[in-house]
Amino acid sequence: MSGTFVGMPAFPEAAREAVRDTTLRGNLRHATHTIRAKRAKAVAEVEDWAELREAGKRIKDHTLRHLDRYLEQVEAAVTAAGGVVHWAADAEEANRIVTDLVKATGESEVVKVKSMATQEIGLNEALEAAGVRAYETDLAELIVQLGKDRPSHILVPAIHRNRGEIREIFTREMSEWGRPAPEGLTDTPAELAEAARLHLREKFLRAKVGVSGANFVVAETGTLVVVESEGNGRMCLTLPETLISVVGIEKIVPTWRDLEVFLQTLPRSSTAERMNPYTSTWTGTTDGDGPRVFHLVLLDNGRTDTLADEVGRQALRCIRCSACLNVCPVYERAGGHAYGSVYPGPIGAILSPQLRGTDSEIDASLPYASSLCGACYEVCPVAIDIPEVLVHLRERVVQGGPATRAGNRVVLRPAKGHAAERAAMRAAQWAFTRPGVLRAGQRMASRTRRFHPRTLPGPGRAWSAGRDLPRVPAEPFRDWWQRTRGGKDGAAE
Amino acid sequence: MSSRERSSRERILGRVRRALADVPREEAPYERAVERDYLREHGTRTVAETVELLAENLADYRAVVHRCDEDGLPSVIAGLLRERGAASVAVPPGLEEAWLADTDVTRVPDRAEDTAAALDRVDSVVTACAVAVAETGTIVLDGSPDQGRRRITLVPDHHICVVRVPEQVVASVPQALERLDPLRPSTWISGPSATSDIELDRVEGVHGPRTLEVVLVDGAAASR
Ligand code: SF4
């Protein structure tokens, strides 16, 4: 699948490299700890957080459980509002639809606002192959694109770059793509942002086609919602004549009113703000204001396969806030790139193997990229029990069993000789070169239990649900840790 | 939709239905599936306190807040444009004439046929708003005639937004959504645009207006 980074080593190997990269680790640690502390404060400000979280979970669950009906409703509402709806079963089809739509306008460039769905399908590369240049317009995505690099964090994708590197990338690359960086550009963030503003403004003003994703699609009205900070989203959504939005089918909420939950939980979970600087909503096209042509591409690409898994489907509730990344001890040490997917961190560990299957070594090893500490579950604004899904997927990898792939029921064979598990053990060897990390994780888990005595995160919950689970999960990881901690101290460093 | 796409539509809907074979038909409908135990607003405040909270939260996100009464508004706006050194100001078609009575800055009407590039040469924009949210320090525009097309509050670097208090102020996000028409394009603005993409240093103003000034105007309702 095009979303896999080609030649990507499996999680253990990729993470080993990352752990050795001290710049990356320093930046990531700073980032995750800063955002984590701010988020806790922003969440503490609202006394009904638990209720908002529960409502968000229920809205998403209900929608997913009746997704066929809501998809049809979206189609009808968007069409009635002047939009055109397309359906894409996989990445290739989505790329073809968008490429054809762009080609039909006669344009050879598009401006893009950060969208995980279009990264997942590799849209930029597909457009490039068809002779269309796609300009990323988020500051971080611009840094990543100009640096010929990959994003490492959902929210701050260029967090692995520091200001000196960014200055260098801008000075070197901007002229290749358009307006060059100003003479004598320094590395102060304000100057770098100004350089990006000037460089991109030129593109916004002449762009005829914009490409976006969406955070939410409201079924009853056909309204799309984009939540952002920089204003590049507004530029892409309002200045071009044609707007093409590629949206995963799990982004639907039933009603306009449902936004009252997510517009409270998403900004606080994500950027730790009461509200993000800009949110745009639009319904089809509006006479004389904004794009005259609007296309919505509804993307499956493994989502219905995920939906078919009764335990795993909860991953589709995700609103991509990235809170789970910032609390994850494995992510903090391994970095975003090690996950080999546009979805890093705990959510990536459960989403990528479901969207793509576990055929590749990286996807088979992802469910092991966790200590099952439960911190991700605790912060998740839609209460996805990530540990539960991880355990479930480990079982799937090790034992094999029924699954759905591209809409077909299949029976997966067990991974040979528990290769994945062994790989994971190797991963742990250096991802946890300090026992304190794991202990902190366990402490967090016990805190969670105190708050939610009946909903043990992870294995406890899965077992109590009475399903027939093998004794593979969770325990061996920690057992292993304790064993090897005694034996070879700090094996990797 | 091409026939190929039509078949993808059927394929996706078919996959969804098969994936949901375990969902009981008689499952609770939407109205009962979603409990809304959360609050309609946080805390209890008088009208004046809610307006005060709006002012605080706007300022907290680095919008510049001004307060005046209806009669003082034209001179406040004129003063802000003068301080800014603005030579031109974009004007939505339905903006109250009186608001710009005290300024002779060149007016640029909001017209469909003008290009975004032309708008890029305009210094400032003055608009009204649809609603303002106190708890989050947010102003919402909905493209009504006194607010204009979305791009006029995006391309110029200086936005002056007038909020009539208290009637346009609500406490919370749920209350704001109730007041808005989903069929109109809306823009929710909480402070000037910002990025923390470079080493998490917050930088104000990337693409939207780098200066956001909000004028809270005490209307007739306040004296009631
Ligand atoms: S899984 Fe939950 S915490 Fe993680 S990104 Fe998704 S919504 Fe946020």
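Higher on the page you've got the structure.
Here the residue numbering is sequential within each chain, running from 1 through the sequence in written order. Working convention: letters from A go to chains and numbers from 1 go to ligands, in the order in which they are written. The model is predicted, so local features are restricted to residues of pLDDT at least 70 and side-chain atom pairs to those at 80 or more, both for listing and for counting; the totals for chains, interfaces and linings are taken over all residues. Calculated side-chain values reflect all of the structure's heavy atoms, with hydrogen atoms and water omitted.

Caption draft 1: Focus on the interface of chain A and chain B. Residues are treated as being in contact if the distance between any of their heavy atoms lies within 4.5 Å. Counting from both sides, the interface comprises 99 residues of chain A and, opposite them, 79 residues of chain B. Here chain A meets chain B over a buried area of about 7900 Å², counting both sides, of which 56% is carbon and sulfur. For chain A, the biggest contributors to the area lost against chain B are A:Arg197, A:Trp256 and A:Arg274; these three give 9% of the whole. Think of a salt bridge as a Lys or Arg side-chain nitrogen and an Asp or Glu carboxyl oxygen that are within 4 Å of each other. There are 16 salt bridges connecting chain A and chain B. Between B:Asp22 and A:Arg313 there is a salt bridge whose closest N-O contact spans 2.8 Å. Two N or O atoms form a polar contact when they lie within 3.5 Å of each other; inside protein one atom must be a possible hydrogen donor and the other a possible acceptor, and for residues adjacent in sequence the pair counts only when both atoms belong to side chains. For the pair chain A and chain B, the interface holds 38 residue pairs in polar contact (both at pLDDT 80 or more). Among the elements that take part in the side of chain A that touches chain B, helix H10 (residues 189–206) of chain A stands out by supplying 11 residues, more than any other. Residue polarity is assigned by list, with Asp, Glu, Lys and Arg as charged and Ala, Val, Leu, Ile, Met, Phe, Trp, Tyr, Cys and Pro as nonpolar; anything else, Gly included, falls into the polar class. When the residues that make up the side of chain A that touches chain B are grouped by side-chain class, the tally is 48 nonpolar, 25 polar and 26 charged. Note: two strands are recorded as paired if DSSP finds a minimum of 2 bridges between them. In DSSP terms, a helix is any run of H or I states spanning at least four residues, a strand is any run of E spanning at least two, and both are numbered starting from the N terminus. Pairing of strand S9 (residues 278–283) of chain A with strand S9 (residues 186–189) of chain B involves four bridges; the strand directions are antiparallel. By the bridge assignment, A:Tyr278 is partnered in S9(B) with B:Ile189. Accessible area that two parts lose when put together, with a 1.4 Å probe and added across both, is what the buried area reports.

Caption draft 2: How the structure looks around the sheet that holds strand S5 (residues 216–218) of chain A. Strand order in the open sheet formed by eight strands is S8(A)-S5(A)-S6(A)-S9(A)-S9(B)-S6(B)-S5(B)-S8(B), and the pairing between neighbours is mixed. Both edges of this open sheet fall to strand S8 (252–253) of chain A together with strand S8 (169–170) of chain B, since each of them pairs with a single strand only. In terms of strand pairing, S5(A) meets strand S6 (residues 223–228) of chain A through three bridges, oriented antiparallel. Paired with A:Phe216 across the bridge in S6(A) is A:Val225.

Caption draft 3: Region of interest: the packing of helix H3 (residues 49–65) of chain A against helix H12 (residues 259–270) of chain A. Residue and element names in this part refer to chain A. Simply put, an axis is a line fit to the C-alpha atoms, just over the touching stretch for a helix, and the angle between two N-to-C directions goes from 0 to 180 degrees. Between H3 and H12, the shortest axis-to-axis distance is 10 Å and the interhelical angle comes to 115 degrees. It follows that H3 is roughly perpendicular to H12 by the angle criterion. As H3 packs across H12, the resulting crossing turns out to be left-handed. Residues Trp49, Leu52, Ala55, Gly56, Ile59 and Lys60 of H3 touch H12, and the partners they reach there are Val261, Phe262, Gln264, Thr265, Arg268 and Ser269. Among the residues forming the contact of H3 with H12, the class breakdown is six nonpolar, four polar and two charged. Every angle not falling under 35 degrees, over 145, or within 65 to 115 is termed oblique; those three ranges are roughly parallel, roughly antiparallel and roughly perpendicular. Crossings are sorted by hand: turned counterclockwise from the far helix by less than a right angle, the near helix makes the crossing left-handed, and turned clockwise it makes it right-handed.

Caption draft 4: Representation of the site of the ligand. Residue and element names in this part refer to chain A. Think of it this way: one heavy atom of a residue within 4 Å of a molecule or strand is enough to make that residue near it. Surveying the vicinity of the ligand reveals the residues Cys318, Ile319, Arg320, Cys321, Ser322, Cys324, Ile347, Cys380, Pro381, Val382, Ile384 and Ile386. The site holding the ligand turns out to be the second largest cavity. Of the residues that constitute the shell around the ligand, the class distribution is 10 nonpolar, one polar and one charged. A pocket here means an open set of points on a 1 Å grid, computed over the protein atoms alone, that has protein on both sides within 12 Å along at least five of seven lines. A cavity is instead a set of points where a 1.4 Å probe fits but cannot get out; residues with an atom within 4 Å of a point line either one. Here the criterion for a molecule occupying a pocket or cavity is that more than half of its atoms lie within 2 Å of the pocket grid points.

Caption draft 5: Broad picture of the nonpolar core. One finds A:Phe11, A:Leu71, A:Leu259, A:Ile350 and B:Trp188 to be the most contacted residues of the largest nonpolar core, which totals 106 residues. Not counting residues within four places of it along the chain, the set of residues in contact with A:Ile350 comprises A:Ala315, A:Ile384, A:Ile386, A:Val389, A:Leu390 and A:Leu393. Each nonpolar core is a collection of buried residues, namely Ala, Val, Leu, Ile, Met, Phe, Trp, Tyr and Cys, held together in the definition by side-chain atoms within 4.5 Å. The cut-offs for exposure are 20% and 50% of the maximum accessible area for each residue type, with area from a 1.4 Å probe on protein chains only; residues under the lower value are buried, those over the upper are exposed, and the others partly exposed.

Caption draft 6: Layout of the sheet that holds strand S12 (residues 211–218) of chain B. Residue and element names in this part refer to chain B. Pairing in this open sheet of six strands is parallel, and the strands run S1-S12-S7-S4-S2-S3 from one edge to the other. Strands with a single pairing partner mark the edges of an open sheet, and in this sheet they are strand S1 (64–69) and strand S3 (106–109). With direction set aside, neighbouring strand axes in the sheet form an average angle of 25 degrees. Summarising the sheet, S1 and S12 pair through six bridges and their orientation is parallel. The residue bridging Val65 from the neighbouring strand is Val214, located in S12.

Caption draft 7: The pattern of salt bridges, seen in detail. This structure, assessed with the given rule, holds 49 salt bridges over all chains. B:Glu113 is the salt-bridge partner of B:Arg111, the closest N and O atoms lying 3.9 Å from each other. Because the salt bridges share partners, they merge into one network encompassing A:Asp68, A:Glu72, A:Glu75, B:Arg9, B:Glu10 and B:Arg17.

Caption draft 8: Up close: the pairing of strand S4 (residues 209–212) of chain A. Residues and elements named next belong to chain A. In S4, alternate side chains face the same way, and those of Val209 and Val211 on one face and Gly210 and Ser212 on the other are all buried. Here two bridges tie strand S2 (residues 109–112) to S4, and the two strands are oriented parallel to one another. Counterpart to Val111 in the pairing with S4 is Gly210.

These values are about where atoms sit, not about what they do.
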